[in-house]
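Listed here are the chains, written in short residue letters.
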Amino acid sequence: MELKYSEILQRNAALSKSLPTDRFEIAVLSNVEVFQLKEILEYALRVDNIPAAVTTGDYDNIVQDSLKYKDADLVIVFWELCNIIDGLQFKIELFDDEKMDQIFDRTVAEIDFVFRNLKDTSLVLFNAFTGVQFSSASIGNTNLERLAARLNEYVQSNAPRNVKLVDLHKIIAHTGVRASIDLRNFYSSKALYSINFYKAYCSHITPYVMSANGRSKKVLVFDCDNTLWKGVLGEEGYDGIELSAATKDGAIFAEVQSIALSLSRQGILIGICTKNNPDDVTEVIEKHPDMQLRDEHLAARRVNWSDKVSNLRDMARDLNLGLDSFVMVDDSPFETNFIREQLPEVTVLQVPERLSEYPQILRENLGLFYNLSSTAEDAKKAGMYKEQEKRERSKKDFASIKDYLTSLGMKMTIYQDDKSIIPRMSQMTQKTNQFNLTTRRYTERDIENFIEDKRTNVFAFSISDKFGDSGLTGLAVVRIGDDNCGIVDSFLMSCRVIGRDAEFAFMNCLIDHLKARNVQIVLAQYIKTSKNEQVMDFFDQCSFPLMSSTESEKNYSLNISNYKAKPIDFMEFIYGRPN
Amino acid sequence: MEDRIKNVMAAVFGVSPGEISDDSSPHEIAAWDSIKHLNLVLALEEEFDIRFEEAEIPSLVNFKIIAATIKAYAE
């Protein structure tokens, strides 16, 4: 954060006037004073359109506060070793083994309490224990560091899934030990950290919050010349461009390509968008011995002479993703400014003039793609998008859509309350924006709670066809409410499988399930967002009668005996093992 | 420099810079409690890239004293 603390205070106060009523509630529990964290954190998130509201718990009251604030959207825990008992940072160096065990046991017992109290909280960021504020100059390990290591080991093996450990060492390394702490205020008022520390801390944890709000980036698009390789292909030619790890400048581009490749393995879609002759670029992608990004890694390619804004728009449409999930890397200030101006929702990274800084700039921005629950599905994604392209192409060979769908040989597998796929199910609620009727975001813990609740069922489906397996791509949360009416809490589907009537087949299954539970009335809701316009008539198409509607939502109530199931005879249904 | 001090004080206490006068002190400004005082000290140190002596921090309780103290650091 470049702004000064006083500027942050000013701008945060201005932003707080236009906050929506639905806030992202954050509670900070701490055993040291963290006076300046509130506004810095609020501001860091509010500029990214997260309506954060931070509450600070009472001083040194973590255990009780963990109960009080368990319903917050995010709980952050600052548990500082130096204040576990007053003056531990110096007292501990005189402790014998027995006393070390005592303080470990006492702290672990408190940690257990806190984890139990916070077990249903959506997301908990727990700062890993550290003694580095006081031990950074010691050659051997101090008792303070030994205790930190033991506690961290315990936390790592006992933390529930919703608890993420924040490595304070990275933040303190970024800021420097001396600049991270303010010992004047530590001795006078138990306030350990500096303004600079809080700024670095807030930047560091922003990716967690973005991911929890379904705002992670999903696509990384590169220009080619002087972005994926050194030189201009159209001028220097196939043999003139540099991207070999063995040359000085080539090594930088080789490193950049490796970073992109590893992102692609984690499920981030890689694209290229460049003004070049298509055949020239294809030749490099297919044949150049030093090229690391090959056709199978590239989910989308736009190689032509049209403007990049239209190209990015087309790319977003073809991939069925919003432009706000795009990051574009380009070396030309003309292009980067043009994109920033025309498509402010796209994050644009400029290749720096000092080329040696290029890979590091890319690394510093990897948090944009951070995903709370990365899953096996992600790794297969580039391939799946490629299959999607093939399907689109073969669609054109069939006279009717029905013939086409029949020719695919589709199989839908339905999973009910399956605990083994919780991470992917949670991720779907966090990342699906377009085909999503209510856009409720659920953490892994939330999904687990639904599965354990007898009145709530979580359904998911995957689809396979002759081109491949789409993986888990649809999800619904259905609840039995009062008066035994069924409630469709969530219904969403990945855009990868749109256009195959999977949504109607899935709805048929849900209705069958509710019938089996003797439900008479099914209530459903469409909640409008800036992205889900395409499903605003979905329940109407499923024969649900509209009861009421406003600007922001539509409410439906269906007498289950009046449900008109859309006949789906081109798909085979398989039921996965129920839990 | 005086305007910069007033802007920082205004931001910390959540008032407009016009409300900060030469005599502003915890008596006039309701928000000026001990926590805000700490925040003010840190914000001023960052603004002017200085570090106050621990002993002078408690005395920085009105605009004139603050301005005079910072001026001394600048010289």
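Residues numbered from 1 in each chain as written. Chains lettered and ligands numbered in written order. Predicted model: local features only at pLDDT ≥ 70, side-chain atom pairs only at ≥ 80, totals over all residues. Heavy atoms only, no water.

A. Here's a closer look at the overall build of chain A. A tally of helices and strands in chain A yields 24 helices and 18 strands. Whereas a compact globule of 579 residues would reach a radius of gyration of roughly 25 Å, chain A reaches 27 Å, a difference of no more than 12%. Once the C-alpha set of chain A is aligned to its principal axes, its extents read approximately 80 × 75 × 45 Å. Out of the 579 residues in chain A, the part that is buried amounts to 56%. Surface accessibility of chain A: about 25,200 Å² in total, with carbon and sulfur atoms responsible for 48%. Distance from the positive charge centre (69 side chains) to the negative charge centre (84 side chains) of chain A: 3 Å. (Helix = DSSP H or I, 4+ residues; strand = E, 2+ residues; numbered from the N terminus. Rg over C-alpha atoms; globule rule 2.2 N^0.38 Å. Buried < 20%, exposed > 50% of the residue type's maximum accessible area, 1.4 Å probe, protein only. Areas by Shrake-Rupley, 256 points an atom, 1.4 Å probe, with all protein chains shown as cover. Lys, Arg positive; Asp, Glu negative; His and termini not counted. Charge placed at Lys NZ, Arg CZ, Asp CG, Glu CD.)

B. Representation of the sheet that holds strand β8 (residues 298-303) of chain A within the structure. Residues and elements named next belong to chain A. Here we have five strands laid out as an open sheet, ordered β8-β7-β6-β9-β10, and parallel in their pairing. Every other strand in the sheet has two partners, leaving β8 and β10 (347-350) as the edge strands with one partner each. Pairs of neighbouring strands in the sheet enclose a mean axial angle of 20 degrees, with direction left out of account. Sheet strands touched by helix α14 (residues 278-287): β7 (269-274) and β8. Its angle to β8, the strand with the most contacts, is close to 150 degrees. (Pairing = 2+ DSSP bridges. Axes fitted to C-alpha atoms, helices over the stretch in contact; angles between N-to-C directions. Contact = heavy atoms within 4.5 Å.)

C. Focus on a negative patch on the surface. A cluster of like negative charges, contributed by D239, D279, E283 and E286 of chain A, occupies part of the molecular surface. Judged by relative accessible area, E283 of chain A falls into the partly exposed class, the value being 33%. (Patch = residues over 30% accessible without salt bridge, like charges linked within 9 Å, V, L, I, M, F, W, Y side chains within 5 Å. Salt bridge = Lys/Arg side-chain N within 4 Å of Asp/Glu carboxyl O.)

D. Expanded view of the interface of chain A and chain B. Each partner contributes to the interface: chain A provides 15 residues, whereas chain B provides 16 residues. Taken over both partners, the interface formed by chain A and chain B buries close to 1,400 Å², and the fraction arising from carbon and sulfur atoms is 55%. There are four salt bridges connecting chain A and chain B. A salt bridge links K4 of chain A to E47 of chain B; the nearest nitrogen and oxygen atoms lie 3.8 Å apart. Looking at the side of chain A that touches chain B, the element that brings in the most residues is helix α1 (residues 5-15) of chain A, giving four residues. (Buried area = accessible area lost by both parts, 1.4 Å probe.)

E. Geometry of the environment of L45 of chain A. Residues and elements named next belong to chain A. With respect to the element layout, L45 can be found in helix α2 (residues 37-46). Remark: the alpha-carbon pair of L45 and D73, spanning 28 residues in sequence, is separated by 13 Å. Ignoring anything within four residues of it in the chain, the contact list for L45 reads I26, I50, A52, T206 and V209.

F. Looking closely at the nonpolar core. Residue and element names in this part refer to chain A. The biggest cluster of nonpolar side chains holds 69 residues, and the ones touching the most others in it are I76 and Y201. Residue contributions to this core peak at 11 residues, all from helix α11 (residues 195-212). Contact partners of I76, with chain neighbours within four places excluded, come to I26, A27, V28, L29, L41, L125, Y201 and I205. With 43 residues, the next largest nonpolar core counts L408, V497, C542 and F570 among its residues. (Core = buried A, V, L, I, M, F, W, Y, C linked by side-chain atoms within 4.5 Å.)

G. Highlighting the pattern of salt bridges. If you walk through the whole model with that rule in mind, you get 35 salt bridges over all chains. Between R184 of chain A and E45 of chain B there is a salt bridge, and its shortest N-O distance comes to 2.6 Å. Separated into two different chains, R184 of chain A in helix α10 (residues 183-189) and E45 of chain B in helix α2 (residues 34-48) make up a pair that spans both. Take R184 of chain A and E45 of chain B: they sit in the same class, and that class is buried.

H. Spatial organisation of the sheet that holds strand β3 (residues 74-78) of chain A. Residue and element names in this part refer to chain A. With parallel pairing, the five strands of this open sheet are ordered in space as β2-β1-β3-β4-β5. Of all the strands in the sheet, the pair left with one neighbour each is β2 (52-59) and β5 (163-166). Neighbouring strand axes in the sheet, compared pairwise and without regard to direction, differ in orientation by 20 degrees on average.

I. Examining the confidence of the model for chain B more closely. Residues with a pLDDT of 70 or more make up 100% of chain B, whose mean pLDDT is 91. Mean pLDDT across the secondary structure elements of chain B bottoms out at helix α3 (residues 63-74) of chain B, with 91, and peaks at α2 of chain B, with 94. (pLDDT = per-residue confidence, 0-100.)

J. Seen up close, the packing of helix α15 (residues 308-319) of chain A against helix α16 (residues 333-342) of chain A. All names here are of chain A. Close contact between α15 and α16 brings their axes to 9 Å; oriented N to C, the two are set at 55 degrees. With respect to each other, α15 and α16 are oriented oblique. Read as a crossing pair, α15 and α16 show a hand that is right-handed. Within the contact between the two elements, α15 uses K308, V309, L312 and R313 and α16 uses E335, F338, I339 and Q342. Looking at the contact of α15 with α16, its residues break down into four nonpolar, one polar and three charged. (Parallel < 35°, antiparallel > 145°, perpendicular 65-115°, else oblique. Left-handed = near helix turned anticlockwise from the far one by under 90°. Nonpolar A, V, L, I, M, F, W, Y, C, P; charged D, E, K, R; others polar.)

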